[in-house]
Structure formats: C-alpha cells, structure tokens
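Geometric and topological summary
Given next are the chains, with one letter for each unit.
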Amino acid sequence: MKIADKNTKAVDLVREALEKAKEFEDYHCFISMNEARALERAKAIDEKITRGEKVGRLAGVPYALKDNYLSREGVTTAAARMLDNFPSPITATAVAKLEAEGAIMIGRANLDAYAHGSSTENSYFGPSHNAVDFERVPGGSSGGSASAVALGIVQFALGSDTGGSIRQPASYNGVWGMKPTYGTVSRYGVVAMASSTDVMGCFANTADDVDLVMSIMAGKDPKDSTTLDDFWNKELEDAKPKKKKIGIIKDFMGDGVNPEVVNTVKDYAAKMKKAGFEVEEIEMPIMKYGLAIYYIVQPAEVASNLSRYDGVRYGHRAAEITDLDSVYSKTRDEGFMPENKRRIMIGNFVLSSGFFDAYYLKAQKARTLLINAYNEAFEKYDALLCAVAPAPAFKFGEKTNDPLQMYMEDVMSVPPSMAGLPALAAPAGKSKDGLPIGIQLVGPRKSDQMLLNIAKTIAEVK
Ligand code: GLN
C-alpha cells in the first residue's frame, strides 16, 4: 500500500486516483465522486505530516466505497431510485474506523440495487464494466469496487457480501476479496440486505493489503450486537494452518463447472501440494442444497429489511399519491428495481402462513445441516478449496432474462455465507481468453487470517 509520508503527498495520491477515475470513466465504477472533500482531507493530512504529527496507518490512501455504506460525505444511494437523493445523517462504523486511520474516500462505487445481483446490471444507474474485458460484467453486487481496484484507480475498496458479492467480482476482475467471518466488522450504517449473512469486507491487490484493511475495520461495536470481539488482531496463533490439510470440494468440480475453472482449481491444488499441504477430495453432498437454502432465507430477510422503505420515513416518495395505500405502492413500485421486487415477493411468500413450514422453516433446518457438514469437514481439514463461480465473467445481457441462470452464479459462494464462515477469493489463473479466474478458500469461524496466510504462501509458489 502506498501511504502518504514525508516523501509522498496525500494530495498527490488522491489527485492521481481522481485522474485515473476520469481516465476510466467509461467503466462506470462510481455512482458519484467525492473530489472536493477528498482533496480537502488529503491537504489536512499533508499538513499534519509537515508539522511532524502522527498520522494513521492508511494516511492519504484513496479508496472506493460501495454505495450501500452510509457516510456523511455525499449521498448514499444503494444504487436504487428509492435512495437516489439520500444524504445520510450517520457514518458507518467501518468507514469511520478507516477514516480515523487516514483513508480517503474518493467516490461511491456502483452495485446492483440493494446488493441484489451478480453483475451490476440491476443498478438503477446502469452497470459497471469488467476491468479486463469491457464487453463483460464486473460481477456483483460489488462490481464497481472490484473493477476500480483492478483498474488501479484505488488501492482498496469496500464491499459487502451476503452470498458472494465480494468474492465473485474479485474473481471476475482478478483481485483479492475477503468475506470475513460473520460479525467481524460492524454492519452499523450499511444498508441491510439479509441481516443473518451480511458481512463487510474489502478488495485489494495483495493479501497484505486485505489484511491491513480488515484489521482496521474488525472489532466489537456497541452499535451492532452481532459483532465479535476483535479476534483479527489478537489470535495470531490461529493464523497458522495446524493440520496442513486441505479438502477440495468434489461436488464443485464436475457438471456445470467450466473446465477452465476446474483446471484452475486443480493447478492451485498442485501448488498447495508443492507448498507442503496434503490435498484430497471431499464429498459434501449437502452443497447442492446451498443455493436453494439461500434463495429462501435471503429473500425472507430482504422482504423484512426493505419494508422500511415506505415513502414516509426516508428516501423517495411518489409524486402522484391519492391515499395511504398509494404512498406505499407507488413509492415502492417506482423506488425498487425489478430484482428487488422479485425478492420481496419471494420473501413474503416463503414467510406467509401456510408456506412458512414448507419453505422457510425447512430451509433453516437444512441450513443447520450445512453448518454441521462444514464443522465435520473442519475436524479433518484446515480449509476447503473450490472455485468462486462456475465460469469466468459473462457478457452483458447474457443472463438478465433468466433470474435462475443469474442465481446459479452463486452456487459456490452462498454455502459459506449461510454458515457465517470466512471465505477468501484469491486470483489464481486466466482462461484462454485472458479472463481472470479466482479460487475460494473457506475455513472455520475466525480463521480469516489463516486463509490469507495460506493464499499468500501459495501466491508465491511458481
Ligand atoms: N449474487 C448474490 C445475490 O444476488 C449475492 C449478493 C450479495 O452478496 N450481496 O443474492
């Protein structure tokens, strides 16, 4: 990470990032820029350095903020018309922590509206582009963040991951992406999607940069009762793999997975062996239910979380309203994207009396079985290896007419989300067309740094 000091001015770091953002404007990584405020903050940091005062661990480092994090700088849209002019009265804890260390937000990164999606095609403001192939999606929902890091506009970017939204775009753009253990980073001040799996994480170009950013964001927050004590900076003993054994999830190496992706995972496993790990296949038949569990539980939580957008409390309100019902229905019709509405409808359906037992309750029971299967696997293995997504980045429009096709993207990324486990996406290879392919390492709760350490070691194996 390039940090401001006596020889490097924060103002220059920020200017350079803003210039690159302009140069790559067509990629539409950002919904809005924070130019004036960013330069002002950079100047203040430079003055501190000149006066010989102490500055933070991320002094002057420009970053992109996924536009579902609240910050008092600018508006937070969540890429939805519902919030397209919403000036936040608060700042998310994660953002406040980064800024206390001197990080400077240069712009709000694009996403699928409310983080529902895998391509940024659900953004009210239009999609972002893949950093490697302009004709392809950057992945989603945190596509703008991943693309901004891959294009070299910023050194790191924040994302949120409910079922793959950090890992899949990281894989599609060839950068690192960390979905931490559930509860590692406060969710306070982040637009809620599915509260039982939402986690806050980041993108960067190296394992060390990911580690640094995560170590700053991690920790207990009285404003989010689900946060864990800061294990990131304390349990260093856990950061070493003890068994030196890795399981490759066999169920994700066969049908429906692009052969180039399968080969990338195999090559990665070979490198792990070279590095002294024992690597063997493990069958986890429960994995085939992961997607079904996710697409019941997650919409149920979405339906509940999005009920707050009623045209009364905040955000958009439809202009032509005649009575209370039309305040709700017109506002919600105008404010949400089609995918948001689909999830609200599925969610209310699976929660409705008569269907609750058959869908929601059953999915939660299956979720417990999934958690048990992981726990059993971790008795034997330090971590599990699989791809992040079944194929490299797809072209715009390829999956927009078939939501199920789009949901299939998430088949490998949702199981760790349902179990609250840490999952790391690391760049691993390229398709013959030059498209990045990432691998995913999943470990027991709080093994986040161990995953980073393993992947860092493997990145150095030739
Ligand atoms: N692609 C997944 C979905 O659409 C994951 C989204 C996310 O993690 N925010 O639900």
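Higher on the page you've got the structure.
For clarity, every value in this text was computed on a predicted model and none was experimentally measured.

Thresholds applied
Residues numbered from 1 in each chain as written. Predicted model: local features only at pLDDT ≥ 70, side-chain atom pairs only at ≥ 80, totals over all residues. Heavy atoms only, no water. Axes fitted to C-alpha atoms, helices over the stretch in contact; angles between N-to-C directions. Helix = DSSP H or I, 4+ residues; strand = E, 2+ residues; numbered from the N terminus. Parallel < 35°, antiparallel > 145°, perpendicular 65-115°, else oblique. Contact = heavy atoms within 4.5 Å. Nonpolar A, V, L, I, M, F, W, Y, C, P; charged D, E, K, R; others polar. Buried < 20%, exposed > 50% of the residue type's maximum accessible area, 1.4 Å probe, protein only. Lys, Arg positive; Asp, Glu negative; His and termini not counted. Salt bridge = Lys/Arg side-chain N within 4 Å of Asp/Glu carboxyl O. Polar contact = N/O pair within 3.5 Å; in protein donor to acceptor, adjacent residues only side chain to side chain. Phe/Tyr/Trp six-rings, centres within 6.5 Å; stacked < 30°, edge-to-face > 60°. Lys NZ or Arg CZ within 6 Å of the ring centre and 35° of its normal.

The axes of two packed helices give the description: the angle between them and the distance between them. Two elements in contact, helix α8 (residues 290-305) and helix α10 (residues 338-351), have axes separated by 7 Å at closest approach and are oriented at 105°. Looking at the two axes, α8 sits roughly perpendicular to α10. Residue-level contacts link Tyr295, Ile296, Gln298, Pro299, Ala300, Val302 and Ala303 of α8 to Arg343, Ile344, Ile346, Gly347, Asn348, Val350 and Leu351 of α10. Taken together, the residues that form the contact of α8 with α10 break down as 10 nonpolar, three polar and one charged.

As a further point, take the side chain of aspartate 198. Mapped onto the elements, aspartate 198 comes out in the loop between β5 (176-179) and β6 (199-204). Comment: no salt bridge for buried aspartate 198; closest opposite-charge side chain is arginine 187, at 5.1 Å. Within polar-contact distance, the side chain of aspartate 198 engages the backbone nitrogen of methionine 193 at 2.8 Å. Ignoring sequence-local partners within four residues, the contact set of aspartate 198 consists of Asp161, Thr162, Tyr182, Arg187, Ala192 and Met193.

The tally for this structure, following the rule as stated, stands at 18 aromatic pairs. For the ring pair tyrosine 27 and phenylalanine 134, a centre distance of 4.9 Å and an interplane angle of 85° mean the geometry is edge-to-face. With a gap of 107 residues between them, tyrosine 27 in the loop between α1 (10-23) and β1 (30-33) and phenylalanine 134 in the loop between β3 (104-109) and α4 (143-150) connect regions that are remote in the sequence. Looking at tyrosine 27, the relative accessible area reads 16%, which means it is buried. On the basis of relative accessibility, which here comes to 32%, the residue phenylalanine 134 falls in the partly exposed class. Where phenylalanine 349 meets tyrosine 359, the ring centres are 5.5 Å apart and the plane angle is 55°; that geometry is what we call tilted. In this pair, phenylalanine 349 sits in helix α10 while tyrosine 359 sits in helix α11 (residues 357-380), placing the two residues 10 residues apart along the sequence. A residue is classified by how much of its surface remains accessible, and tyrosine 359, at 34% relative accessible area, is partly exposed. Sitting over the ring of phenylalanine 277, lysine 244 keeps its end group 4.4 Å from the ring centre.

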